[in-house]
Amino acid sequence: YKRTLTLPYPPIHPDPDDHSDRQSLMSSYNDLFAYNRHRALSSLRPYVDQAIAEEIVYLAVLDSFSAARNEFIDFKFNARRSLMLKHSGAELDEEVQSYVWRYGKTHDVSYPLVDQILRGLKSKSPVSLYDFQISLLQPFVREVVKAAFQMQCLPHKLDVVPGRSGEVYIDSRDRRTYDSDYGCSLVHHYVWPALVDHHNNVVIKGEARTGHEGHGHSFIHSDHHQRSRSVSPTRRGRHSVGFTV
């Protein structure tokens, strides 16, 4: 869906140090894992087992970030189209970033974007294999996509890194779940995506369950995977992970 952007106020130049907003969004990401995720899991447990519920919730996070990126592209394009009437060149780029940084915080991405994400999820495995109302995930998806969009609006963006089951476990990017096979170096499935900065340095670790094919089960065979029961992702320093986000 498309929105027509109006510019009710002149752009406000961002503070050169966006540290406060960045830290606030990182804290929100931890809260999504520690609290919102568990509420979503609880809502699914009457219909699917714990492992499948965790996989579904993880997939919802990745799809929410993907939708937020696309929404941000439209938002920024509309801002540029409006601002280019008065600005050009390097000045235009600065004004556009100023606008998205300031007004992206209040941009409503909840509806109908959340419904769009849920419809997409319903057609994917493992969601399509089970009979439950996808609207159960609406509160969780709404909070994730809101945070994801605001992360895109930062002068120095934050984003998630998807992974594939079967790849080598990366200790600098993820931590293992409590029920992992610690003797196996291969990822059976991912539980929670790592958060990285604009240089692809890990700022909050994700979670992965290591193990061979027979260790547990997974129904996700794409760039999206998951599962876990720990309290919160772990913040990291500047560890390069070699992914382009």
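As a starting point, this report considers the structure included with it. Since we're looking at a predicted model, the values are computed, not measured.

Structural notes on the packing of aromatic side chains
(1) Moving on: Using the criterion set out here, one finds eight aromatic pairs in the structure.
(2) Moving on: Centre to centre, the rings of F33 and W192 are 5.1 Å apart; their planes meet at 75 degrees, and the pair counts as edge-to-face. Note that F33 is positioned in helix α1 (residues 19-44) and W192 in strand β3 (residues 187-192), a separation of 159 residues in sequence.
(3) Moving on: Looking at F33, the relative accessible area reads 1%, which means it is buried.
(4) Moving on: Consider the rings of F72 and F149, whose centres lie 6.2 Å apart with planes at 65 degrees: the pair is edge-to-face. With a gap of 77 residues between them, F72 in helix α2 (residues 50-83) and F149 in helix α5 (residues 138-153) connect regions that are remote in the sequence. Assigned by exposure class, F72 and F149 land together as buried.

Points about the pattern of salt bridges
Working definition: two side chains of opposite charge can pair if their charged atoms are close together.
(1) Moving on: Applying the stated rule across the entire model yields eleven salt bridges.
(2) Moving on: Among the ionic pairs, D159 bridges to R69, the shortest N-O distance being 2.8 Å. Placement of D159 in strand β1 (residues 159-161) and of R69 in helix α2 is noted, with a sequence separation of 90 residues between them.
(3) Moving on: Among the residues examined, R69 registers a relative accessible area of 25% and is labelled partly exposed.

A short note on the environment of R164
(1) Moving on: With respect to the helices and strands, R164 occurs in the loop between β1 and β2 (174-176).
(2) Moving on: Note on R164: relative accessible area 45%, which makes it partly exposed.
(3) Moving on: As a C-alpha pair, R164 and V187 span 23 residues in sequence and 7.7 Å in three-dimensional space.

Focus: the pairing of strand β5 (residues 201-204)
(1) Moving on: Relative to β5, strand β4 (residues 194-196) runs antiparallel, the two being bridged by two bridges. The residue of β5 that forms the bridge with V196 is V202.
(2) Moving on: In this antiparallel pair of consecutive strands, β4 and β5, the connection spans four residues, and N200 shows a positive phi of 65 degrees.

Points about the packing of helix α4 (residues 113-122) against α5
Packed helix pairs are characterised by how far apart their axes lie and by the angle those axes make with each other.
(1) Moving on: Where α4 meets α5, the closest approach of the two axes is 10 Å, and the angle between their N-to-C directions is 120 degrees. Relative to α5, the crossing made by α4 is right-handed. Seen from α4, the contacting residues are L113, V114, D115, I117 and L118; seen from α5, they are Q138, V141, R142 and V145.
(2) Moving on: Partitioning the contact of α4 with α5 into residue classes produces six nonpolar, one polar and two charged.

Focus on the pairing of strand β6 (residues 206-210)
(1) Moving on: In terms of residue burial, β6 counts as a mostly covered element, since five of its five residues are buried.
(2) Moving on: Side chains of β6 alternate between two faces, with G206, A208 and T210 and E207 and R209 buried alike.
(3) Moving on: With three bridges joining them, β2 and β6 adopt parallel strand pairing. Each bridged residue has a counterpart across the sheet, and for D174 the counterpart in β6 is G206.
(4) Moving on: The sheet contact formed by β3 and β6 spans four bridges and is antiparallel.

The rules we used
Residues numbered from 1 in each chain as written. Predicted model: local features only at pLDDT ≥ 70, side-chain atom pairs only at ≥ 80, totals over all residues. Heavy atoms only, no water. Phe/Tyr/Trp six-rings, centres within 6.5 Å; stacked < 30°, edge-to-face > 60°. Helix = DSSP H or I, 4+ residues; strand = E, 2+ residues; numbered from the N terminus. Buried < 20%, exposed > 50% of the residue type's maximum accessible area, 1.4 Å probe, protein only. Salt bridge = Lys/Arg side-chain N within 4 Å of Asp/Glu carboxyl O. Pairing = 2+ DSSP bridges. Axes fitted to C-alpha atoms, helices over the stretch in contact; angles between N-to-C directions. Left-handed = near helix turned anticlockwise from the far one by under 90°. Contact = heavy atoms within 4.5 Å. Nonpolar A, V, L, I, M, F, W, Y, C, P; charged D, E, K, R; others polar.

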